[in-house]
Amino acid sequence: MAAIDLLFDHKSDSERLHQVLLSVLLLRSRLLERVLGVPGLQALDFDWEPERRLYDLAFTVQDPSGGIDRVLVELKVDSGLEQEQFERQLAHLRDKAPKSRLVYLVLGLSAITVTEPRLTQWSAKLLPPREPSAPPLWFRCDAAELSQYLADPELLSGLDQASHRDVRDLASAYRDALQSLSDRTRRFATTPPARWKDP
């Protein structure tokens, strides 16, 4: 896995690099099940930049409960999320894809600006109040949370043994990269803006 480590050392903030690795991990492990908290959720296939590039990734899924048939992913690495983009993405789910769910993966400095309270405030303008028992339409996950999920020994349970070792090694290497992003975010969060500089 030295080649992957080298890529992240060179360009740790490349959204395309993160998209490639996440597309494999979300498809070939139980990571999507962990992020959404839906037992038994399994990714079957994925598409790049679906719905005329409205999202970064889309996963066709099998949900034992039948409540979800697609998971859309928006990835942000050291970049912001504009309210207008969020509203277009959420409106599409509300109006055209009621059995889809939207995941915001916010890595690096994106975790500082794309916060759960901000997304909740924006979504309140588009969606009616949610019943406590109703599942959420969108989810937010940062690098620290992803690292925890990737460390779960059950992440690969029940999967094809032929690719088990490769996916395990990829998850381990990616977890190291995510840890570096989390460490950098913590440094920025505790440093006055006047002293910010490229890490």
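Our subject is the structure listed above.
Residues numbered from 1 in each chain as written. Predicted model: local features only at pLDDT ≥ 70, side-chain atom pairs only at ≥ 80, totals over all residues. Heavy atoms only, no water.

One pass over the structure, following the stated rule, counts eleven salt bridges. Residue Arg34 is joined to Glu33 by a salt bridge in which the shortest nitrogen-to-oxygen separation is 3.3 Å. Between Arg53 and Glu49 there is a salt bridge; the shortest N-O distance is 3.2 Å. Classification of Glu49 by relative accessible area gives partly exposed; the value is 25%. One network of salt bridges, with partners in common, ties together Arg30, Glu33, Arg34 and Asp152. (Salt bridge = Lys/Arg side-chain N within 4 Å of Asp/Glu carboxyl O. Buried < 20%, exposed > 50% of the residue type's maximum accessible area, 1.4 Å probe, protein only.)

This part covers the sheet that holds strand S5 (residues 138-142). Within the open sheet, the five strands sit side by side as S1-S2-S3-S4-S5. Their pairing is mixed. What marks the edges here is a single partner per strand, and that holds for strand S1 (42-48) and S5. Averaged over all adjacent pairs, the angle separating strand axes in this sheet is 25 degrees, with direction ignored. With four bridges joining them, strand S2 (residues 57-62) and strand S3 (residues 70-77) adopt antiparallel strand pairing. Looking at the pairing, Phe59 lines up with Val71 of S3. Each of S1, S2, S3 and strand S4 (100-107) is contacted by helix H2 (residues 15-28), which is oriented at about 150 degrees to S1, the strand it contacts most. Running at roughly 155 degrees to S4, helix H5 (residues 83-96) makes contact with S3, S4 and S5 of the sheet. (Pairing = 2+ DSSP bridges. Helix = DSSP H or I, 4+ residues; strand = E, 2+ residues; numbered from the N terminus. Axes fitted to C-alpha atoms, helices over the stretch in contact; angles between N-to-C directions. Contact = heavy atoms within 4.5 Å.)

So, about the side chain of Arg140. Position of Arg140 relative to the elements: it lies in strand S5. A distance of 3.2 Å separates a polar atom in the side chain of Arg140 from the backbone oxygen of Ala111. Engagement of the side chain of Arg140 in a polar contact is seen with the backbone oxygen of Val114, the distance being 2.6 Å. When near neighbours in sequence (up to four residues on either side) are disregarded, Arg140 contacts Tyr104, Val106, Ala111, Val114, Thr115, Glu116, Leu119 and Glu145. (Polar contact = N/O pair within 3.5 Å; in protein donor to acceptor, adjacent residues only side chain to side chain.)

Turning our attention to the environment of Val24. Mapped onto the fold, Val24 is located in helix H2. Considered as a pair, Val24 and Leu170 are 146 residues apart in the sequence and their alpha carbons are 8.9 Å apart.

Following the criterion strictly, the structure yields five aromatic pairs and no others. For the pair Phe46 and Trp48, a centre-to-centre distance of 5.4 Å together with 80 degrees between the ring planes defines the contact as edge-to-face. On the accessibility criterion, Phe46 (22% relative accessible area) is partly exposed. Overall, the relative accessible area of 39% leaves Trp48 in the partly exposed class. (Phe/Tyr/Trp six-rings, centres within 6.5 Å; stacked < 30°, edge-to-face > 60°.)

Another aspect to go through is helix H7 (residues 116-124). Those residues of H7 not exposed but buried are Leu119, Trp122 and Ser123. End-on view of H7: buried residues confined to an arc of 95 degrees, all on one side of the axis. For H7, the exposed residues lying more than 90 degrees away from the buried face are Pro117, Gln121 and Ala124. Looking at the buried side of H7, the elements it contacts are H5, S4 and S5. (Arc of directions from axis to C-beta.)

Another aspect to go through is the packing of H5 against H7. Axis separation between H5 and H7 bottoms out at 10 Å; the angle between their running directions is 60 degrees. On the basis of the axis angle, H5 is oblique to H7. Relative to H7, H5 is oriented so that their crossing is right-handed. Contacts between H5 and H7 involve Gln83, Phe86 and Leu90 on the former and, on the latter, Leu119, Trp122 and Ser123. Here the contact of H5 with H7 is built from residues that sort into four nonpolar, two polar and no charged. (Parallel < 35°, antiparallel > 145°, perpendicular 65-115°, else oblique. Left-handed = near helix turned anticlockwise from the far one by under 90°. Nonpolar A, V, L, I, M, F, W, Y, C, P; charged D, E, K, R; others polar.)

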